[in-house]
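So the chains spell out like this:
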Amino acid sequence: MIDPQPRGSHFVDGEYVEDSTGAEIPVIYPATGEQIATVYAATDAVVEQALAAAKRAQPEWAAMTGTERGRILRRAADIMRERNHDLSVLETRDTGKPLQETLVADATSGADALEYFGGIAGSLTGDYIPLGEDFVYTRREPLGVCVGLGAWNYPTQIACWKGAPALACGNAMVFKPSETTPLSALQVAEILHEAGLPKGLYNVVQGRARVGSLLVNDKRVAKVSLTGSVPTGRKVYAMAAVGMKHVTMELGGKSPLVIFDDADLENAVSGAINGNFYSSGQVCSNGTRVFVQKGIKEAFLARMTERLAGVKMGDPLDENTNFGPLVSQSQLEIVEGYVAKGLEEGARLVHGGNRVDREGYYIEPTVFADVTDDMTIAREEIFGPVLSVLDFETEDEVLARANDTEFGLSAGVFTRDLTRAHRMAAGFEAGTCYINTYNDAPVEAPFGGSKQSGVGRENSSAAIEHFSEKKSVYVRMGDVEAPF
Ligand code: TXE
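Just so we're clear, the structure is a prediction, and the values are computed from it rather than from any experiment. (Residues numbered from 1 in each chain as written. Predicted model: local features only at pLDDT ≥ 70, side-chain atom pairs only at ≥ 80, totals over all residues. Heavy atoms only, no water.)

Enquirer: Explanation requested: the nonpolar core in the structure shown.
Expert: Side chains that are nonpolar tend, in soluble globular proteins, to be buried together. The biggest cluster of nonpolar side chains holds 119 residues, and the ones touching the most others in it are Phe-117, Tyr-202, Ile-259 and Phe-300. With 8 residues, helix α6 (residues 155-168) is the single largest residue contributor to this core. Filtering out sequence-adjacent residues up to four positions away, Ile-259 remains in contact with Ala-268, Val-290, Phe-291, Val-292, Gln-293, Ile-296, Phe-300, Phe-392 and Phe-414. Among the nonpolar cores identified, the runner-up in size contains 27 residues, and Val-335, Ala-347, Tyr-361 and Met-424 belong to it. (Core = buried A, V, L, I, M, F, W, Y, C linked by side-chain atoms within 4.5 Å. Buried < 20%, exposed > 50% of the residue type's maximum accessible area, 1.4 Å probe, protein only. Helix = DSSP H or I, 4+ residues; strand = E, 2+ residues; numbered from the N terminus. Contact = heavy atoms within 4.5 Å.)

Enquirer: Help me understand the sheet that holds strand β5 (residues 128-131) in this model?
Expert: Sheets are built from strands that pair by backbone hydrogen bonding, the pairs being arranged parallel or antiparallel. A sheet is described by the order of its strands in space; here 3 strands give the open sequence β5-β6-β20, paired in antiparallel fashion. A single partner strand is all that each edge strand has here, and the edge strands are β5 and β20 (468-475). On average, adjacent strands in this sheet sit at an angle of 20° to one another, irrespective of strand direction. (Pairing = 2+ DSSP bridges. Axes fitted to C-alpha atoms, helices over the stretch in contact; angles between N-to-C directions.)

Enquirer: I tried to follow the UniProt feature "binding site: NAD(+)" (unreviewed entry) in the protein on my own but got confused; where do I start?
Expert: What UniProt calls "binding site: NAD(+)" (unreviewed entry) maps, in this numbering, to Gly-150, Ala-151, Trp-152, Lys-176, Pro-177, Ser-178, Glu-179, Gly-252, Cys-284 and Glu-381. These residues run over 232 residues, and the two farthest C-alpha atoms among them are 23.5 Å apart, placing them at more than one spot. The annotated residues contributing to the lining of the largest cavity are Cys-284 and Glu-381. Along the chain, Ala-151 turns up in the loop between β7 (145-149) and α6. Taking the relative accessible area as the measure of exposure, Ala-151 reaches 18% and is therefore buried. (UniProt positions renumbered as here; feature names shortened; annotations may be inferred. 1 Å grid on protein atoms, 1.4 Å probe; cavity = no way out; pocket = protein on both sides within 12 Å on 5 of 7 lines; lining within 4 Å.)

Enquirer: Sorry, what's going on with the sheet that holds strand β14 (residues 348-351) here?
Expert: An order of β14-β15-β16-β13-β12-β17-β18 is seen for the 7 strands of this open sheet, with the pairing classed as mixed. Strands with a single pairing partner mark the edges of an open sheet, and in this sheet they are β14 and β18 (432-435). Going across the sheet, the axis of each strand differs from the next one's by a mean of 20°, ignoring polarity. The pairing of strand β12 (residues 256-259) with strand β13 (residues 289-293) spans 4 bridges and is parallel. Bridging from a neighbouring strand, Val-258 pairs with Phe-291 of β13. In the packing of helix α14 (residues 395-403) onto the sheet, the strands contacted are β12, β13 and β16 (386-392), and the crossing angle to β16 comes to about 145°.

Enquirer: Can you help me understand empty space enclosed by the protein in this one?
Expert: Sizing a probe to match a water molecule and rolling it over the atoms shows the empty space that remains. A complete count under the given rule lists 3 cavities of 30 Å³ or more for this structure. Its volume calculated, the largest cavity comes out at about 60 Å³. If you go around the largest cavity, the residues you meet are Gly-253, Lys-254, Gly-281, Val-283, Cys-284, Asn-286, Thr-288, Glu-381, Ile-382, Phe-383 and Gly-384. In the lining of the largest cavity, the residues fall into 4 nonpolar, 5 polar and 2 charged. Here the second largest cavity defines a volume of roughly 50 Å³. Surrounding the second largest cavity, 14 residues form its lining, Pro-256, Thr-405, Phe-407, Ser-410 and Glu-429 being those nearest its centre. Listing elements by their share of the lining of the second largest cavity, those giving two or more residues are α14 and β17 (410-414). For the lining of the second largest cavity, the class distribution of residues is 6 nonpolar, 5 polar and 3 charged. (Points joined across faces, edges and corners; volume = space filled by probe spheres on them. Nonpolar A, V, L, I, M, F, W, Y, C, P; charged D, E, K, R; others polar.)

Here you go:
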């Protein structure tokens with residue numbers, strides 16, 4: 001069992017570091033509201049120590065071969081899998097997500113990233129471009145010191161989805177987890193170190209926006225990768241622009257899930273459940289605007305209501321629990337506010353909507369019907385278990401409405417009509433689309449948003465382009481001609 005109280009708030013230059021003069025950050029177990037640990041925000045001294053260590057360690061790491069770097073990442077993946085149960089219990093205590101989920105979706109996803117990028121690290125090469133007798137070759141080079149800023153819903157996964165490609169390309173990273181869930185990133189750092197990663201290459205510092213800003217603005221930082229809300233993305237992107245830094249922005253969404261009359265009803269309901277209630281709805285890519293064609297609407301609502309009877313809400317550490325609390329009191333209040341807004345604006349409450357009368361931050365899985373495009377619950381990201389059903393009649397109509405949003409993270413469609421499925425996928429203004437499924441996130445596939453939902457892609461070989469750059473070298477084999 002991993003003690004939630006870490007040996008130190010930060011993991012810098014290969015060891016735990018504590019500096020209790022930093023602002024106190026209580027760590028709360030969302031299922032009970034009890035404080036299970038205390039960490040301290042990084043002081044300027046700790047931030048400096050982390051950035052200096054990363055700057056110092058990075059050149060030697062870049063000088064290793066990709067195969068040597070990959071070996072360490074793959075060893076870290078093995079250690080994470082060996083410790084999956086303990087890491088999952090810690091993730092549940094940090095986030096409140098049911099152990100039933102964290103056992104299969106958090107440390108395992110992090111390990112997949114370490115294994116995948118560890119596997120391709122040795123093949124991250126450049127090109128040879130023949131130009132007659134001249135030629136150009138390109139050198140794929142690391143960016144240097146990278147900063148990762150994490151959100152609170154998938155702390156382990158995010159720490160690895162940013163760290164693994166960064167390290168595979170020969171960079172160093174300073175990662176700041178969300179202040180709401182500070183614990184598991186420390187385990188990622190500890191495991192990487194145990195796997196043989198030289199000290200200084202993956203550092204974890206705690207803190208809120210202030211520490212995040214310090215990291216982003218530092219001149220030693222070449223790249224910033226943020227997972228967070230759109231408002232935060234705009235702030236961080238603007239700060240990075242001052243230093244002309246590379247950015248990856250994995251931001252919020254209000255994604256459409258379109259269900260046609262001919263869909264397999266059971267699978268469509270499963271897709272809607274995965275896209276609205278997994279992790280108590282705290283998933284950026286969720287399909288929270290569920291467009292249902294008129295012919296299947298009543299059957300969909302009836303079946304969804306029946307399936308919701310299968311919710312086992314309770315102690316997230318009990319593996320039978322399949323629906324846990326929200327991550328914090330403030331998130332609970334945000335979601336409650338949206339439920340009230342939905343009622344006020346005339347949506348029909350089909351299921352749930354109430355805070356649960358027990359300790360912790362629990363709200364019932366909630367389904368609204370007769371939602372219209374202009375309603376607040378159809379336009380804004382709620383980041384909680386609130387599913388909005390909107391009616392539609394035709395394919396052209398629903399595609400236009402699905403795209404009528406500033407977001408563009410994900411989009412899904414359920415239909416048995418093969419060409420219509422691919423037509424919809426082609427028409428969606430979203431970075432990540434699903435056909436007859438929802439929210440699959442294999443590390444082999446690019447993940448990210450369009451429009452206001454982000455810039456860049458995580459995972460797959462696409463991530464490599466965001467953590468390295470190609471230098472062109474032109475070689476002339478003959479004489480140089482000149483006008484005079
Ligand atoms: O985000 P916040 P949260 C989104 C999700 C939701 C949000 C929830 O849609 O909107 O994340 O996570 C740091 N300068 N995604 O509340 O508040 C902050 O400390 C520098 C999308 O954590 O935006 C935290 O570490 N840093 C996603 C991080 O930014 C700053 C998947 C995010 O904080 C800062 C999961 C500042 N001014 C959640 N302000 C996806 N698309 O994959 C805050 N931070």
